[in-house]
Amino acid sequence: MKNREILIQLIMKLRGAGIINNTLLSIIEKNPPHYYMKLIEEKYEIKPSFYYELINLIKMFDYCLKRNSKINNFLFGNVKNGWGVLLASQLSKRVYVLCSSSKQKNKLEKVYTSHNFKNIFLTVGDCISGWKRVAPFDVIFSLNKINNNPVSLISNLSNNGILFIPFNKNKFTNYIKVDKFASMTETSIDFDSINSSMIL
């Protein structure tokens, strides 16, 4: 399948999943995930789970834009290859990223710098304290389960901020949305598909 066909299929699947925000869809068209991955891994191949993983991540951005069309500070934790960070940088003023290692941080910095993305800031660590000095955040999203007490994360949200954390229910793990006042809402974002994805 050609690159353009992959993008068309992705946009169609997103619309079919109820994601119709034109700003979000336009950014995806300008920064296709499979184009991005070829910058990271020259031999990247589309896997059967590709669309499902992306739809689950993009649902998170859709939830954010429905709640707040103006995002200033976005905290992205435990990223892998960083396409989600690229997307966040187009939707918010600043994106703060937690990387698992210096090697990963250097790899992502090289890609973002070469494409002139100046609003992405990276540090090594898996704890919000690495970026606590720039709180509050309008969005906090982790690609892994959070070991911290959610109360400490909630305290770093802006008044209209939203925290996405995994929640186990009936042997399945989906993300829940938590606001500044600790009000929780279930989402249809599947944690396992996001956690296993390398593109994100």
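Quick note: structure is the one above.
About the cut-offs
Residues numbered from 1 in each chain as written. Predicted model: local features only at pLDDT ≥ 70, side-chain atom pairs only at ≥ 80, totals over all residues. Heavy atoms only, no water. Phe/Tyr/Trp six-rings, centres within 6.5 Å; stacked < 30°, edge-to-face > 60°. Helix = DSSP H or I, 4+ residues; strand = E, 2+ residues; numbered from the N terminus. Buried < 20%, exposed > 50% of the residue type's maximum accessible area, 1.4 Å probe, protein only. Pairing = 2+ DSSP bridges. Axes fitted to C-alpha atoms, helices over the stretch in contact; angles between N-to-C directions. Contact = heavy atoms within 4.5 Å.

**Q** Sorry, what's going on with the packing of aromatic side chains here?
**A** Aromatic ring pairs are described here by two measures, namely the spacing of the ring centres and the angle between the planes. All chains considered together, the criterion is met by 11 aromatic pairs. Seen in terms of ring centroids, Y96 and F121 are 5.4 Å apart; in terms of plane orientation they differ by 25°. Their pairing is stacked. In this pair, Y96 sits in strand β2 (residues 92-99) while F121 sits in strand β3 (residues 120-124), placing the two residues 25 residues apart along the sequence. Measuring from centroid to centroid gives 4.9 Å for Y96 and W131, while their planes differ by 55°, and the two rings are tilted. Of the two residues, Y96 is situated in strand β2 and W131 in the loop between β3 and β4 (137-142); the sequence distance between them amounts to 35 residues.

**Q** What exactly am I supposed to notice about the pairing of strand β6 (residues 172-179) here?
**A** The side chains of a regular strand alternate, first on one face of the sheet and then on the other. Counted residue by residue, β6 has 6 buried out of 8 residues, so it is predominantly covered. Where strand β5 (residues 157-169) lies against β6, 8 bridges are found, and the strand directions are antiparallel. Residue pairing across strands places K169 opposite F172, the latter belonging to β6. A loop of 2 residues connects β5 with β6, the two strands running antiparallel in sequence, and N170 in this loop sits at a positive phi of about 55°. Across 4 bridges, β6 lies against strand β7 (residues 184-190) in antiparallel orientation. Within the sheet, the bridge partner assigned to N174 lies in β7 and is D190.

**Q** Which parts of the structure should I look at to understand the sheet that holds strand β1 (residues 71-77)?
**A** Strand pairing in a sheet is mediated by backbone hydrogen bonds. Such pairs are either parallel or antiparallel. With mixed pairing, the 7 strands of this open sheet are ordered in space as β3-β2-β1-β4-β5-β6-β7. Each of the sheet's edge strands pairs with one partner strand only, and the pair in question is β3 and β7. Ignoring strand direction, the axes of neighbouring strands in this sheet form an average angle of 20°. Sheet analysis places β2 next to β3, joined by 5 bridges and oriented parallel. By the bridge assignment, V95 is partnered in β3 with I120. The sheet strands contacting helix α4 (residues 50-67) are β1, β4, β5, β6 and β7, and the helix crosses β7 at an angle near 150°.

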